[in-house]
Amino acid sequence: MDYKLAPHIEELTKALGNTNERVIQEELETLLKFRVPMDEAKRTVLRKFKSNVFPVKQIKDLSSGAKTFEIAGRIIEIEEKAINLRGNASTIFSGTLADETGTCSFTAWFDFSLKRGDAICIKNSSTRSWHNRPELNFGERSEVLKLPDDAFPNVEELTRTSPKKLHDIGYSDMSISAVAMVVKLYHKNVKIRERNMKIIEGVIGDDTAKLPFTSWVPLPDVDIGSVVRFDGASVRMFRGLPSININENTSVTIVNPSLEEIPFTFESISQKPEPLPIGQILLKDGLFDVAAIGNIISVRPGSGIIQRCPVCNRVIQKNTCRVHGPTESFQDMRIKTILDDGTGAVSVMLNRELSEIVYGKSMFEAEEMIRTEMSRDEIFEDMKRVLTGRYLGVRGNTSRTEFGVTLVAESVWSPDDDITLRVSNLLELLEPVGENING
Amino acid sequence: MVEREISYRLFAKEFNDSTFNIHPKSEQLNQSEGRAPNFLVTPAGLMVNRLFVVGVVTEIDNIGTENDLWRARVVDPTGAFIVYAGQYQPEAAVFLSTLEVPSYVSVVGKARTFEPEDGSVFVSIRPEEMNVVDASIRDRWIVDTAELTLDRINTFSDALSSGLKGSKLNEYLIKGGAPESLAEGIVLAFDYYHTGEGYLQGLKTALRDSLKSIDLTCSGVSAFEVGNQEFILGLMEEMDVGKGVDYGKLIETARFRGMSENAVEIVVRSLLSNGQCYEPKIGILKMVS
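Residues numbered from 1 in each chain as written. Chains lettered and ligands numbered in written order. Predicted model: local features only at pLDDT ≥ 70, side-chain atom pairs only at ≥ 80, totals over all residues.

A. Summary view of the overall build of chain B. For chain B, the count of helices and strands is ten helices and twelve strands. Counting only residues that meet the buried cut, chain B has 39% of its 289 residues in that class. Considering only residue pairs separated by 6 or more positions, chain B has 62% of its internal contacts joining residues 24 or more positions apart. (Helix = DSSP H or I, 4+ residues; strand = E, 2+ residues; numbered from the N terminus. Buried ≥ 20, exposed ≤ 12 C-beta atoms within 10 Å, placed from the backbone. Contact = placed C-beta atoms within 7 Å.)

Next comes the structure, spelled out in structure tokens:
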């Protein structure tokens, strides 16, 4: 049968450029075994391997769920692992890959005989989400090329953590160095694996952003207002929002602001953040302490008076918790809205206190209304009447959930900036030169 | 996951000038798990699926034969958006059936086109959310919309002066910081409408007029115009015995008291566009109380 196939395989190999002939043959034979007509089988194979010129990505551009792209880097670490894959013992290789833009973990599902220090290019790679970060995956369908050794800086250079501004920290940073000021700090007792531990939590900031931090080691002399330099702090991601973790491998030194030039002060960091266009906020999966102004274009179902489980705080219906079964419940009020400013749309969650402010009625008043005149649904309808179309300013943290980017509001206000100024600025830009205004 | 469509801001003029509707290709449908939306491409390069408008409802009619189909005109300073709400928009239909005319409303909805055989294209909005709002929200919407439209006009101007076309132009615009959808929209609009500086200038004039229609007493527009407006409003109050004021008679009376026909026209147009008065019948003006 082979000689009959040969011309077709040759044709396909030609059309597909650099795809392996053996892979094409296997694919074609499988299809023919299912008695797929030759023309149809060829079409399928072509389609499958067509996009062989894969888009090239750098590590900083990786996002979870990306498919069929090309990426290059140097292997920083690699480890062989024996696993049980659907009942079959098999070997995978996992490790870390780095380029000039960052590092990421990877899993190779096939033995490409890679070793630490190799500079490689992977064609037809994909990512999946692992520990809230994109992890590079490649296997039999991928092609791995060894690159000349000078394609990337050496391992030491790639693993050295260069100082970063907080705004630039993202998925591709496993470990960072930065200079930042402590703006919030508190001690907390936690129990981890039956051991009581004292940890420090708080917020640090620089001139670009603020981020939460956790220290698993004591930080002598560090207090609110201290400027610290830390090297080798690990970065954890949760729903796209980075947090800085300080452990025994992190070096923390206090910087004397009068001896070094520090581009920020306690005042500049603690200031209320300037509202950003929502389109710009959406560029990052998670941001700490940002502000936006837009129109409430929709009040989502689930807003209004709700019941919560007293154990886990989940929203419950008919006094039955998804996790804790039939239970007592307590009342709460919340508003879920979509805020849109013409550049982007973000979901905004308002807790009871903020809901009462924007709705203009307290939870008790709303409960009273339910008792006397309205149903729960009517409260929701009333909220829609009061809120839809209105302008709202919000401040809080954003994170990426399955429903897109959500901002959990910490404060809200009604934007009252002077539109007269904006009008006169615009008119200045629009006024054609030399036109007689009185004409 | 698919990002929520932005609710774009645009004036009725740009919306109604649009005749180019694009449907997703089957290939794109596959890639986006069947959720690629239709877009209306405007002459200024906006690819609109969802939009948010604030304006004055001046007419509501039930034009349905068997089922209710409500049609409303929502007027902004540059023209009118047509909104249709039928049986599949029950909330908006109920809203319109009880709404008083005129009133300020906000509308979130999808751009729809109707293309009868003869090649003409009618655009309208299929509402998702409607609500009554106040004049301050309307004013702020005009300012927002003017700002965003001007940004777009400037990007388009830049595209025109680059002399580039097609994918080269797309690349150039993205490098210049334009959002991807705008870059794509400008390339499409340029191909389809051959939009030139002339159209953009016309749009700028519309923006300027819109901004000038905002609450004249506080936006720094000449005291002269404010005086004229107060004069006309006073006159209308005087002449209106309950059925509105005949436009011709208004001009005549105003001329008699020393105001040119042209000036009356300017004031009346601005009163109409910012919703302080409306036309219940052609040629009859009525103040909004």
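B. Spatial organisation of the overall build of chain A. Tallying secondary structure elements over chain A gives ten helices and 22 strands in all. For chain A, the C-alpha radius of gyration of 28 Å lies well beyond 22 Å, the compact-globule estimate for 439 residues. In terms of overall dimensions, chain A has C-alpha extents of about 85 × 75 × 60 Å along its principal axes. Partitioning the intrachain contacts of chain A with sequence separation of at least 6 by distance along the chain shows that 59% fall at a separation of at least 24. (Rg over C-alpha atoms; globule rule 2.2 N^0.38 Å.)

C. Local environment of the domain arrangement of chain B. Per the domain assignment, the segments making up chain B are domain 1 (7–136), domain 2 (140–212) and domain 3 (223–287). Between domain 2 of chain B and domain 3 of chain B, the C-alpha centre-to-centre distance is 36 Å. (Domains from an automatic or database assignment.)

D. The sheet that holds strand 11 (residues 277–281) of chain B, seen in detail. Residue and element names in this part refer to chain B. The strand order across the open sheet built from three strands is 10-12-11, with neighbouring strands paired in antiparallel fashion. Every other strand in the sheet has two partners, leaving strand 10 (245–246) and strand 11 as the edge strands with one partner each. Looking at chain direction, strand 10 and strand 12 (residues 284–287) are connected through two bridges and run antiparallel. When the bridges of strand 12 are listed, Asp-246 appears paired with Ile-284. (Pairing = 2+ DSSP bridges.)

E. Representation of the packing of helix 10 (residues 419–430) of chain A against helix 4 (residues 135–162) of chain B in the model. At their nearest, the axes of helix 10 of chain A and helix 4 of chain B sit 10 Å apart, and the two run at 35° to each other. Relative to helix 4 of chain B, helix 10 of chain A is oriented so that their crossing is left-handed. Across the interface between the two elements, A:Ile419, A:Arg422, A:Val423, A:Leu426 and A:Leu429 from helix 10 of chain A touch B:Asp139, B:Arg140, B:Val143, B:Ala146, B:Glu147 and B:Leu150 from helix 4 of chain B. For the contact of helix 10 of chain A with helix 4 of chain B, a count of residues per class yields seven nonpolar, no polar and four charged. (Axes fitted to C-alpha atoms, helices over the stretch in contact; angles between N-to-C directions. Left-handed = near helix turned anticlockwise from the far one by under 90°. Nonpolar A, V, L, I, M, F, W, Y, C, P; charged D, E, K, R; others polar.)

F. Main features of helix 2 (residues 21–33) of chain A. Helix length check: helix 2 of chain A, at 13 residues, gives a terminal C-alpha distance of 18 Å against a target of 18 Å (1.5 Å per residue), a fit within 8%. Two residues or fewer past helix 2 of chain A, A:Arg35 is found with a positive phi of approximately 60°. (Expected span 1.5 Å × (residues − 1).)

G. Just the nonpolar core, in detail. If you look at the biggest cluster of nonpolar residues, it comprises 114 residues, and the most contacted ones within it are A:Leu339, A:Val346, B:Val48, B:Val74 and B:Ile186. Ranked by residues supplied to this core, first place goes to strand 14 (residues 287–299) of chain A with eight residues. Setting aside chain neighbours within four positions, we find B:Val48 in contact with B:Tyr8, B:Leu10, B:Phe39, B:Leu40, B:Thr42 and B:Ala111. (Core = buried A, V, L, I, M, F, W, Y, C linked by C-beta atoms within 7 Å.)

H. How the structure looks around the sheet that holds strand 2 (residues 20–22) of chain B. All names here are of chain B. Pairing within the open sheet is antiparallel, and its three strands lie in the order 2-3-4. Edge positions in the open sheet fall to strand 2 and strand 4 (47–48), since each of these has one partner strand only. Along the sheet, helix 6 (residues 180–193) makes contact with strand 2, strand 3 (39–41) and strand 4, crossing strand 3 at roughly 60°.

I. Examining the domain arrangement of chain A more closely. Here chain A is described as being made up of domain 1 (2–49), domain 2 (57–157), domain 3 (163–268) and domain 4 (278–413). The C-alpha centroid of domain 4 of chain A is placed 55 Å from the C-alpha centroid of domain 1 of chain A.

J. Up close: helix 3 (residues 90–98) of chain B. All names here are of chain B. Every buried residue of helix 3 is accounted for by Ala-92, Ala-93, Phe-95 and Leu-96. Buried positions in helix 3, seen along its axis, are confined to an arc of 160° and lie on one side of it. Turned more than 90 degrees away from the buried face of helix 3 sit Pro-90, Ser-97 and Thr-98, all of them exposed. (Arc of directions from axis to C-beta.)

K. Main features of the confidence of the model for chain B. Residues and elements named next belong to chain B. Summary statistics for chain B give a mean pLDDT of 87 and a share of 89% for residues scoring 70 or more. Scored below 50 in pLDDT, residues 218–223 makes nine contacts in the model with residues more than four places away or belonging to other chains. Reported for the predicted complex are a pTM of 0.75 and an ipTM of 0.73. (pLDDT = per-residue confidence, 0-100.)

L. Looking closely at the pairing of strand 10 (residues 210–215) of chain A. Residue and element names in this part refer to chain A. Examined bridge by bridge, strand 9 (residues 195–205) and strand 10 share six bridges and lie antiparallel to one another. The residue of strand 10 that forms the bridge with Gly-202 is Phe-213. The turn joining strand 9 and strand 10, which pair antiparallel and follow one another in sequence, is formed by four residues. In the sheet, strand 10 pairs with strand 12 (residues 241–246) via three bridges, with the strands oriented parallel. Counted as the bridge partner of Thr-214 is Asn-245 from strand 12.

M. Up close: the pairing of strand 21 (residues 391–401) of chain A. Residue and element names in this part refer to chain A. As paired strands, strand 14 and strand 21 are joined by seven bridges and run antiparallel to one another. Pairing of Ile-293 across the sheet is with Gly-393, part of strand 21. Sheet topology note: the strand 21/strand 22 (residues 404–413) ladder contains nine bridges and is antiparallel. Each bridged residue has a counterpart across the sheet, and for Gly-393 the counterpart in strand 22 is Trp-413.

N. Broad picture of the interface of chain A and chain B. Each side of the interface is counted separately: chain A has 25 residues, and chain B has 32 residues. Counting only elements with at least two residues in the side of chain A that touches chain B, the list comes to strand 14 and helix 10 of chain A. If you tally residues by element for the side of chain A that touches chain B, the top one is helix 10 of chain A, at nine residues.

O. View of the environment of B:Gly283. Residues and elements named next belong to chain B. Looking at the element boundaries, Gly-283 is found in the loop between strand 11 and strand 12. Taking the C-alpha atoms as reference, Gly-283 lies 5.2 Å from Tyr-247; in sequence the two are 36 residues apart. Residues contacting Gly-283, with those up to four places away along its chain left out, are Asp-246, Tyr-247 and Gly-248.

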